[in-house]
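# Analysis of the macromolecular model
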Amino acid sequence: MTFRVHVRVVPRAGLLDPQGQAVEHALGALGFAGVRRVRVGRAIELDVAAASRDEAEAHARQMCDRLLANPVTEDYLVDVEED
Amino acid sequence: MQRVAVLRFPGSNRDVDALTAAQRAGSDAYFVWHRDTDLGGADVVVLPGGFSYGDYLRSGAIARFSPVMQAVQRHAAEGGGVIGICNGFQILCEAGLLPGALVRNARLSFVAKPVDLVVTRTDTVFTCAFEPGDRVRVPVAHGDGRFVADPHTLDRLAGEDCIVVRYLPADDGIEPNPNGSERDIAGICNPAGTVVGLMPHPENAIDPLQGAVGGRGFFKSLAAWPALAGRR
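Okay, so let's go over this structure. (Residues numbered from 1 in each chain as written. Chains lettered and ligands numbered in written order. Predicted model: local features only at pLDDT ≥ 70, side-chain atom pairs only at ≥ 80, totals over all residues.)

### Overview of the overall build of chain A
Using the following cut-off: Working definition: helices are DSSP H or I runs of at least four residues, strands are E runs of at least two. Numbering for both runs from the N terminus. Note on method: radius of gyration uses C-alpha positions; expected globular size equals 2.2 Å times residues raised to 0.38. Put plainly, a residue is buried at 20 or more neighbouring C-beta atoms within 10 Å of its own, exposed at 12 or fewer, and partly exposed in between, counting only other residues' C-beta atoms, which are placed from the backbone. By the criterion used throughout, residues are in contact when their C-beta atoms, derived from the backbone, lie within 7 Å.
Of the regular secondary structure elements, chain A holds 2 helices and 3 strands. Counting from the amino terminus, helix and strand elements in chain A follow one another as β-α-β-α-β. Relative to a compact globule of 83 residues, whose C-alpha radius of gyration would be 12 Å, chain A shows 16 Å and is clearly more extended. Classification of the 83 residues of chain A by burial places 17% in the buried group. Within chain A, contacts between residues separated by at least 24 positions form 69% of all contacts whose residues are at least 6 apart in sequence.

Structure representation (structure tokens):
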């Protein structure tokens, strides 16, 4: 089976995220009041062939641990959907 | 004569500068392509600056899986010298040869200018020709140069004397920390001082034509390092 995997990588909470700050600032300047804690990360989408949803998620987490995210500075979220 | 392998990744751009600086300081320096798996009998390996693999994903994240990096890991494990400059420092952190990570500069902009450094450890492969407290002015050129690590790691780096060069605090006439690095860290090493990574570019300050010669001491160190016998 093929699964569509959505990976979201974001700067770890507590780590200064100047990109998030800049975006937060810009949103405020545009008049969007009450916006806080903006974090800018990246989204990665991939098709993964696996026998089950759990296996696809496990593979995706290994990919995150080894390459897609930096364990020192980033957290990640994995969502799996059947293709 | 010191055998110095300068690695070339797709996107390296200070490779010729590093080679030239090493040669002028008296080393027998040569290039090694990132697909090679043999370091050619190197005493010291230099990972030069640039934008390996376009800095895609994260700076250094993809280069660390280049075939040559397995040889670098073995070389480092055997006590051989390894030096990462700028993008090379980022690759060494991604590869786990040095702790921490280099992330986007605190003020977001790419910085390319001279900075003032103080040399804080002087028995490493890249600083053994300095005296503790020596100050040098060399350029930086990076967008992702802010060194970060968890507080425990930062304390360990300081406690084990693994901070090799620091930026200086802002003061009259001083070019200070340009990127917001934790504890003004510009470069670190492993406890043995055999693996060194730094963000500034000493290879771009070795000739008056470049506007400064503050980087010469680093390459003098590199050339002299094996003379510190018993290390290897």
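### A look at the pairing of strand β11 (residues 195–198) of chain B
Residue and element names in this part refer to chain B. Note the threshold: Paired strands, as defined in this entry, are two strands with at least two bridges between them according to DSSP.
What you see with β11 is no split at all: V195 and G197 on one side and V196 and L198 on the other are buried throughout. Bridge analysis of strand β4 (residues 81–85) against β11 gives 4 bridges, and the strand direction is parallel. When the bridges of β11 are listed, I85 appears paired with L198. When strand β10 (residues 185–189) meets β11, the two strands line up antiparallel, connected through 3 bridges. In the sheet register, C189 faces β11, and the bridge partner there is V196. Two successive antiparallel strands, β10 and β11, enclose a turn made up of 5 residues, where G193 displays a positive phi of approximately 80°.

### What about the sheet that holds strand β7 (residues 135–142) of chain B?
All names here are of chain B. Note the threshold: A fitted line through C-alpha atoms represents every axis, and for helices the fit uses only the stretch in contact; the resulting angles, taken between N-to-C directions, go from 0 to 180 degrees.
Pairing in this open sheet of 9 strands is mixed, and the strands run β2-β1-β3-β4-β11-β10-β9-β6-β7 from one edge to the other. Of all strands in the sheet, those with a lone pairing partner are β2 (28–33) and β7, marking the two edges. Each strand of the sheet is rotated relative to its neighbour by a mean of 25°, with strand direction disregarded.

### Description of the sheet that holds strand β2 (residues 42–49) of chain A
All names here are of chain A. Across the sheet, 3 strands lie side by side as β2-β1-β3; this open sheet has antiparallel pairing. What marks the edges here is a single partner per strand, and that holds for β2 and β3 (74–82). Within the sheet, the average angular offset between the axes of one strand and its neighbour, ignoring direction, is 20°. Pairing of strand β1 (residues 2–11) with β3 involves 9 bridges; the strand directions are antiparallel. Residue pairing in the sheet places R4 in a bridge with E81 of β3. Contacts from helix α2 (residues 53–68) reach β1, β2 and β3, with the element oriented near 155° to β3.

### Focus: the environment of B:D38
Residues and elements named next belong to chain B. With respect to the helices, strands and loops of the structure, D38 is situated in the loop between β2 and β3 (44–47). Using a count of 10 C-beta atoms within 10 Å as the deciding quantity, one classes D38 as exposed. Put simply, D38 and P114 are 76 residues apart on the chain and 35 Å apart in space, counted from C-alpha to C-alpha.

### Describing the environment of B:R146
Positionally, B:R146 belongs in strand β8 (residues 146–148). Here B:R146 falls in the buried class, since 25 other C-beta atoms lie within 10 Å of it.

### So, the nonpolar core
The criterion, for reference: We define the nonpolar core as any set of buried residues of the types Ala, Val, Leu, Ile, Met, Phe, Trp, Tyr and Cys, connected via C-beta atoms lying within 7 Å of each other.
Of all hydrophobic cores here, the largest spans 74 residues; its most connected members are B:A22, B:V45, B:V46 and B:L222. No other element matches helix α2 (residues 68–77) of chain B, which puts 5 residues into this core. Counting 10 residues, the second-largest nonpolar core is a separate cluster that includes A:V5, A:V7, A:C64 and A:V80.

### Section: the interface of chain A and chain B
Interface extent is often summarised as the accessible area lost during association of the parts. Just so we agree on the cut-off: Three categories are distinguished: nonpolar for Ala, Val, Leu, Ile, Met, Phe, Trp, Tyr, Cys and Pro, charged for Asp, Glu, Lys and Arg, and polar for the others, with Gly belonging to the last.
Facing the 9 residues of chain A at the interface are 11 residues of chain B. It is helix α1 (residues 18–29) of chain A that contributes the most residues to the side of chain A that touches chain B, 3 residues altogether. The class makeup of the residues in the side of chain A that touches chain B is 6 nonpolar, 3 polar and no charged.

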